[in-house]
Amino acid sequence: MSKDLSHSLTLVYDGIGQGYSDLLLKVRTGGREIGPNGAATKEVTPLILYLTDPRKCLVRRRGFSRALMWLEILQLLGGVYDREAYERVAPKAAELTHAATAYGPRVRDQVPGIISELQRDPSSRRATVYIGRDSDLKSAVDTGMPCTETWQFFIREGSLDMHVNMRSWDLVWGLGYDLACFVTVQAAVANALGVPLGIYVHTAASAHVYQRDWALEPGVTDELLSLVDVPWEQAASVSRFLLWSLSAGGAPPGTSGFRPWEAEAVTAISKALLKKA
């Protein structure tokens, strides 16, 4: 039996900000129409996306929230899940999250192990973080299940590459947040290893655009993500402190003395909290 392979897609971009419109257009025009759970989508299977400069991982589109982006980054780095923080910053997003499937607690104890593995053997092929679990499908109806299965890290040609494997990827409401979060992890791991950032590779078994977003026309940007500039363990500690400070009634007084990424995170989240106060 032969299979139609025309609905697969491999794309290489310097950064997603310049390639995002092209990506969405290719999925809308070349994707297969399919409707899991009654929701119409255009889907490619699989999508393999390469970013040769992962710092250019930001998108410009209607409805994208920098506050939510930074909240997700801080919770991922900090290894925590704070439902109340989601409700305060992005109530609609809070409805899509669950403690049982949050990435932060799942990866918290695994990342130090992959750092140790690559310090032991920089050529290792074992440095894998497992986000998906074999029990996830059993509880998916009640809690959902993580869209991401694994992160894998390689030191190749002197820099740290990251490979992400996803079972399912919403290219509008997921992509912008996922890329920023995962590239931040890549940077923190690279800092811990003392090597520069390499390439970022994202493989999604199902990459799709929902019908409600078929007419979306994103903007173009070359903006760089304000990258974490400290090792993983320090980034985790700082992120937990910033989350605690924000939950205790807003940002610490001013942002003087903060690193650029810390200041940007605090500013974005604080502005969102003030709007909802």
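In what follows, the accompanying structure is described. Predicted, not measured: the structure shown is a model, and the values here were computed from it.

## A closer look at the overall build of the protein chain
And step 1. What the protein chain contains, in helices and strands, is 10 helices and 10 strands.
And step 2. For the protein chain, the C-alpha radius of gyration of 18 Å lies close to 19 Å, the compact-globule estimate for 277 residues.
And step 3. By the burial criterion, 51% of the 277 residues in the protein chain qualify as buried.
And step 4. Sequence-distant contacts in the protein chain: of pairs separated by 6 or more residues, those separated by 24 or more amount to 72%.
And step 5. Approximately 13,000 Å² of the protein chain is accessible, and the part contributed by carbon and sulfur atoms is 52%.
And step 6. In the protein chain, 29 positive and 30 negative side-chain charges are present, and the distance between their average locations comes to 2 Å.

## Let's talk about the packing of aromatic side chains
And step 1. For the coordinates displayed, the defined rule picks out 5 aromatic pairs.
And step 2. Consider the rings of Tyr 103 and Phe 182, whose centres lie 6.3 Å apart with planes at 15 degrees: the pair is stacked. On the criterion of sequence distance, the pair formed by Tyr 103 in helix H5 (residues 103-107) and Phe 182 in helix H8 (residues 175-193) is long-range, its members being 79 residues apart. The pair Tyr 103 / Phe 182 is uniform in exposure class, with both members buried.
And step 3. Clustering of aromatic rings is evident, with ring pairs tying together Tyr 103, Trp 151 and Phe 182.
And step 4. Directly above the aromatic system of Tyr 210 lies the positively charged group of Arg 212, at a separation of 4.7 Å from the ring centroid.

## Structural notes on the pairing of strand E6 (residues 148-156)
Regular strands show a simple pattern: their side chains alternate between the two faces of the sheet.
And step 1. Most of E6 sits out of view: 7 of its 9 residues are buried.
And step 2. Across 3 bridges, strand E5 (residues 128-130) lies against E6 in antiparallel orientation. Residue pairing for E6: Tyr 130 is matched across the bridge by Thr 150.
And step 3. The pairing of E6 with strand E7 (residues 159-166) spans 8 bridges and is antiparallel. By the bridge assignment, Thr 148 is partnered in E7 with Met 166.
And step 4. What sits between E6 and E7 in their antiparallel hairpin is a turn of 2 residues, with Glu 157 showing a positive phi close to 55 degrees.

## A few points about the environment of Ile 48
And step 1. With respect to the secondary-structure elements, Ile 48 resides in strand E4 (residues 47-51).
And step 2. With relative accessibility at 23%, the residue Ile 48 sits in the partly exposed group.
And step 3. Here the alpha-carbon distance between Ile 48 and Ala 205, two residues 157 residues apart in the chain, equals 8.7 Å.
And step 4. When near neighbours in sequence (up to four residues on either side) are disregarded, Ile 48 contacts Leu 9, Thr 10, Leu 11, Val 201, His 202 and Thr 203.

## Re the pattern of salt bridges
And step 1. Throughout the structure, instances matching the rule amount to 13 salt bridges.
And step 2. A salt bridge links Asp 14 to Lys 56, with the nearest nitrogen and oxygen atoms 2.6 Å apart. Separated by 42 residues along the polypeptide, Asp 14 in the loop between strand E1 (9-13) and helix H1 (16-30) and Lys 56 in the loop between E4 and helix H2 (66-78) bring together distant segments of the chain.
And step 3. What makes Asp 14 partly exposed here is its relative accessible area of 38%.
And step 4. For Arg 120, the salt bridge is made with Glu 117, and the minimal N-O distance between the two is 2.9 Å. Remark: Glu 117 and Arg 120 occur in helix H6 (residues 111-120); sequence separation between them is 3 residues, near one turn of the helix.

## Considerations on the sheet that holds strand E2 (residues 32-34)
And step 1. Judged by pairing direction, the sheet is mixed, and its 4 strands sit side by side in the order E2-E3-E10-E8 without closing on themselves. What marks the edges here is a single partner per strand, and that holds for E2 and strand E8 (169-170).
And step 2. Sheet topology places E8 next to strand E10 (residues 207-210); 2 bridges connect them, and they run parallel. Note that in E10 the partner of Asp 170 across the bridge is His 208.

## So, the environment of Ala 187
And step 1. Its location among the elements puts Ala 187 in helix H8.
And step 2. Along the chain, Ala 187 and Leu 224 lie 37 residues apart, while their C-alpha atoms are 13 Å from each other.
And step 3. Beyond its immediate stretch of four places on either side in the chain, Ala 187 contacts Leu 197, Leu 227 and Val 228.

Rules behind the numbers
- Residues numbered from 1 in each chain as written.
- Predicted model: local features only at pLDDT ≥ 70, side-chain atom pairs only at ≥ 80, totals over all residues.
- Heavy atoms only, no water.
- Helix = DSSP H or I, 4+ residues; strand = E, 2+ residues; numbered from the N terminus.
- Rg over C-alpha atoms; globule rule 2.2 N^0.38 Å.
- Buried < 20%, exposed > 50% of the residue type's maximum accessible area, 1.4 Å probe, protein only.
- Contact = heavy atoms within 4.5 Å.
- Areas by Shrake-Rupley, 256 points an atom, 1.4 Å probe, with all protein chains shown as cover.
- Lys, Arg positive; Asp, Glu negative; His and termini not counted.
- Charge placed at Lys NZ, Arg CZ, Asp CG, Glu CD.
- Phe/Tyr/Trp six-rings, centres within 6.5 Å; stacked < 30°, edge-to-face > 60°.
- Lys NZ or Arg CZ within 6 Å of the ring centre and 35° of its normal.
- Pairing = 2+ DSSP bridges.
- Salt bridge = Lys/Arg side-chain N within 4 Å of Asp/Glu carboxyl O.

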